[in-house]
Amino acid sequence: MSSDAKILLAIAAATVAVLAFIVFGSQSAGKPVDRAVVERNGQATGSASPKVTLTEFADFQCPACGQIEPLVNSIIAQYGDKLKFIYRNFPLSQHPYAFKAAVAAQAAGEQGKFWEYRQKLFDEQESLSDGSFEQIAKDLNLNLEKFNKDFNSQAMNQKVQADLNDAQKLNLSGTPSFFINGEPVNLASLNDLSARVKEAIDSTQ
Amino acid sequence: MKNKFNTLLFVLSLIGFFIALYLSRQYLAHQPVICLTGGCELTRLSPYSKIAGIYVPVYGLIGYSLILILSFLRTLKDRWERTLLVPILIIAGGGLLFSLYNNFVDWFLIKTFCQYCFACLIIMVGLVAVAKIELGRRPKI
């Protein structure tokens, strides 16, 4: 075998070894998911005695989360009496306003307007800036003084951080990540979600 | 090292191979991909994620594997150094067109930016350029 062949084999072997170390060192595949961790702490809507609980970990600046939002809303509307929907935050570090947006939505939630605020954030996700949060609060007729106080409070920050910690604990690799009754939902397309929710609801009847 | 250009072909196709391997795994398991740009999930979940019923990254996996094997084989026999360059150039050229199509779909149809698709485009440009240079350096036998 020539020296070049040996070098190429060495490069391939070293790359495989490094990647195997990274992949297997960080993987928890096959570990059972703790439903309590999935469903605690979030903002919830829908049935108080649900047959099925759908949980979403999302990021307000994630394009796929924005794209799937109308579908999530239609699922909530369609199965409202049987379904509980829990929204949890997984703001990704590469999105500069994602964490702030999550905190702002929590602050709006203190005035009972989490879902309206969430909708606005997704509607405006491509143009979010530092000025967006107060503007959305104004548009929703929130008490601005209270909103700003909550927005800057440690408590709201910690709520989002708790969601983020849980997302990391669950080893979520991206957004949106969905769970039905605490079990991860693996989607092949955006429309898969409604089929999976329907399946889960049908299986309870 | 006798042939730095061939090592470059090998390294580029190895990088592409691992990107395609990771994406194929995530696509086939229907799991989200880690994405710095945020657009990769839109691409994965879109109707354009499959061509002829096969996930796009699987085509990449096949292409990069072939270039990887061929660039390794080139080191084994002197006479293969030129003869195997032609199929490498053809595969890389096809891969470049395929990558251009995928990025076009991302940018103009899905209206997103997928870091992996763009990385594959850059790798394919690199592979075609290096294979072309390498072919020019080796006279026909």
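Everything quoted here is computed from the prediction, not taken from an experiment.

What about unusual backbone geometry?
Residue and element names in this part refer to chain A.
Then comes step 1: In this structure, the amide linkage connecting Thr175 to the following residue, Pro176, adopts the cis form with an omega of -5 degrees.
Then comes step 2: Here Pro176 is to be found in the loop between α8 (154–169) and β4 (177–180).
Then comes step 3: Positive phi outside glycine occurs at Asn141, with the angle close to 55 degrees.
Then comes step 4: Of note, Asn141 is situated in the loop between α6 (132–139) and α7 (144–151).
Then comes step 5: For Asn141, a relative accessible area of 69% corresponds to the exposed category.
Then comes step 6: Even without being glycine, Asn171 reaches a positive phi, approximately 55 degrees.

Notes on the confidence of the model for chain B
Then comes step 1: Chain-level statistics for chain B give a pLDDT mean of 91 and a share of 97% at 70 or above.
Then comes step 2: The least confident element of chain B, judged by mean pLDDT, is helix α4 (residues 80–83) of chain B at 84; the most confident is helix α5 (residues 85–110) of chain B at 96.

Things to note about helix α3 (residues 63–78) of chain A
Residue and element names in this part refer to chain A.
Then comes step 1: The end-to-end C-alpha distance of α3 is 24 Å, a good match for the 22 Å that 16 residues give at a rise of 1.5 Å each.
Then comes step 2: The largest bend in α3 amounts to roughly 40 degrees and is located at Glu69, with the proline Pro70 lying one to four residues further along.
Then comes step 3: Residues of α3 that are buried: Ala64, Cys65, Gly66, Ile68, Glu69, Leu71, Val72, Ile75 and Ile76.

Cut-off values and rules
- Residues numbered from 1 in each chain as written.
- Chains lettered and ligands numbered in written order.
- Predicted model: local features only at pLDDT ≥ 70, side-chain atom pairs only at ≥ 80, totals over all residues.
- Heavy atoms only, no water.
- Helix = DSSP H or I, 4+ residues; strand = E, 2+ residues; numbered from the N terminus.
- Buried < 20%, exposed > 50% of the residue type's maximum accessible area, 1.4 Å probe, protein only.
- pLDDT = per-residue confidence, 0-100.
- Expected span 1.5 Å × (residues − 1).
- Bend = angle between axes of the 7 residues up to and from the residue.

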